[in-house]
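Spelled out, the chains give:
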Amino acid sequence: MTPDVDLKHMRYFVAVADEGTFTRAAERLGMTQPALSRAIRALEHAIGSALFVRQPQGVALTEAGRQFSGDARGVVEAAEAALTRATRFGREEPHLRVTARACDVEPLRRLVDSYNERYPDELPARAAIVEVGAQAGELRAGAADVALLRSPFDHRGLDSDLISAVPRVAVLPGSHRLAGRDVVHRSELAGEAFPVWPDLPPAAMAYWTGTDLEYHDWRPGPAVHDAAQYTGSIRLGQAVGFMPSTHVPERPTDGTVVVPVVDLSVSELRVAWACTATSPDVARFVRHTTEQATEAGRALEGSAALRG
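A brief look at the structure comes next. (Residues numbered from 1 in each chain as written. Predicted model: local features only at pLDDT ≥ 70, side-chain atom pairs only at ≥ 80, totals over all residues. Heavy atoms only, no water.)

1. Comments concerning the packing of aromatic side chains
- A complete count under the given rule lists 10 aromatic pairs for this structure.
- Measuring from ring centre to ring centre gives 5.7 Å for Trp197 and Tyr230, while their planes differ by 15°; the resulting arrangement is stacked. Placement of the pair is Trp197 in the loop between β9 (193-196) and α7 (202-208) and Tyr230 in helix α8 (residues 227-235), with a sequence separation of 33 residues. An identical accessibility class is assigned to Trp197 and Tyr230; each is buried. (Phe/Tyr/Trp six-rings, centres within 6.5 Å; stacked < 30°, edge-to-face > 60°. Helix = DSSP H or I, 4+ residues; strand = E, 2+ residues; numbered from the N terminus. Buried < 20%, exposed > 50% of the residue type's maximum accessible area, 1.4 Å probe, protein only.)

2. Things to note about the sheet that holds strand β7 (residues 168-173)
- Read from one edge of the open sheet, four strands run β8-β12-β7-β11, paired in mixed fashion. Taken across any chain shown, the strands that pair with only one partner, and hence form the sheet edges, are β8 (184-185) and β11 (241-244).
- Bridge count between β7 and strand β12 (residues 256-262): five bridges; the pairing is antiparallel. Along β12, the bridge assignment pairs Ala170 with Val259.
- Contacts from α8 reach β7, β11 and β12 within the one sheet, and its direction differs from that of β11 by about 135°. (Pairing = 2+ DSSP bridges. Contact = heavy atoms within 4.5 Å. Axes fitted to C-alpha atoms, helices over the stretch in contact; angles between N-to-C directions.)

3. What about the layout of surface pockets?
- Of the volumes computed, that of the largest pocket is approximately 750 Å³.
- Lining the largest pocket are 35 residues, and of these Arg101, Glu131, Val132, Gly133 and Leu200 sit closest to its centre.
- Grouping the constituent residues of the lining of the largest pocket by class yields 23 nonpolar, five polar and seven charged.
- Considered as a void within the structure, the second largest pocket measures approximately 570 Å³ in volume.
- Pro107, Arg110, Ile163, Ser164 and Ala296 are the residues nearest the centre of the second largest pocket, which is lined by 21 residues in total.
- Of all the secondary-structure elements, those providing two or more residues to the lining of the second largest pocket are α5 (105-118), β6 (158-166) and α9 (280-307).
- Of all the elements, α9 adds the most residues to the lining of the second largest pocket, at six residues.
- Considering only residue class, the lining of the second largest pocket consists of 10 nonpolar, seven polar and four charged. (1 Å grid on protein atoms, 1.4 Å probe; cavity = no way out; pocket = protein on both sides within 12 Å on 5 of 7 lines; lining within 4 Å. Points joined across faces, edges and corners; volume = space filled by probe spheres on them. Nonpolar A, V, L, I, M, F, W, Y, C, P; charged D, E, K, R; others polar.)

4. Brief notes about helix α1 (residues 7-19)
- Given a rise of 1.5 Å per residue, 13 residues ought to cover 18 Å, and the 19 Å separating the end C-alpha atoms of α1 matches this to within 8%.
- Buried residues of α1: His9, Met10, Tyr12, Phe13, Val14, Ala15 and Val16, and no others. (Expected span 1.5 Å × (residues − 1).)

5. Re the pattern of salt bridges
- Summed over the entire model, instances satisfying the criterion amount to 21 salt bridges.
- A salt bridge links Asp18 to Arg73, with the shortest nitrogen-to-oxygen separation between them at 2.9 Å. Of the two residues, Asp18 sits in helix α1 while Arg73 sits in helix α4 (residues 63-91), which places them 55 residues apart along the sequence.
- Measuring nitrogen to oxygen at the nearest pair gives 3.8 Å for the salt bridge that ties Glu250 to Arg251. Summarising the burial analysis for this pair, Glu250 and Arg251 share the class exposed.
- Salt bridges sharing common partners tie together Asp18, Glu19, Arg24, Arg28 and Arg73. (Salt bridge = Lys/Arg side-chain N within 4 Å of Asp/Glu carboxyl O.)

6. With respect to the environment of Val75
- Looking at the element boundaries, Val75 is found in helix α4.
- Discounting residues that sit within four places of it in the chain, Val75 has contacts with Leu7 and Met10.

Right, here's the structure in full:
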């Protein structure tokens, strides 16, 4: 027999699991600690197993709690995303919200324009620029429908397809000791300072510092919040950096130098959507994106063959 469990009980459980104490979870939920404790005990009774080990300093998940945690979080996020999408469509003219970072505005523009031209009678797509790190969360929360995401990103609750993969290059100050080289190895930049994006998870930090394939020493450089600050810190000689080759001119005129790098991971651009999304409009936009990527790849191959 399936236990009778409300969505609110799952929200309560997730809050306690996140906060580690009933007191902090109750504050987060805007309820009293005794009421939260009773609700969690009712949930444990319905499931027939303890979900938390109560300790003087807080709580820890039991084995049953760990098993329940991922599923409960997914259910809560999916429900909240569904409510957010319904609210969006009820508050404004219905449309597909497609996001990208500012550095990917051109592929975003091309895809949205070509989609709307190809499907004039379907739900229109609208482009939106979103800050670094916010896109995946917006998809999970239902605030966006589709996103063009640069790897690495938090894949939890998302599906994605690869659109393109391009080499990354080193961006160096014009006065750098390696600025005159035709190519450099990643190891030759060991010990250098790199611009630091705040609050990056370890995988993203390794990517931005070029240590995801093999570890190299590096130093934290200036904290940056956007692409202008990133390249600005390099122009001032305060750091070096890595960027997709498609995002920088071959011969910059801003005082920086671009040099190809050996032993550096590529930059992947992916189209992503919530794995719980069932909208045919989302599926149509994703299909359009992958078709456009395939056509672009064939055109690139044909161009290379002609040059050869």
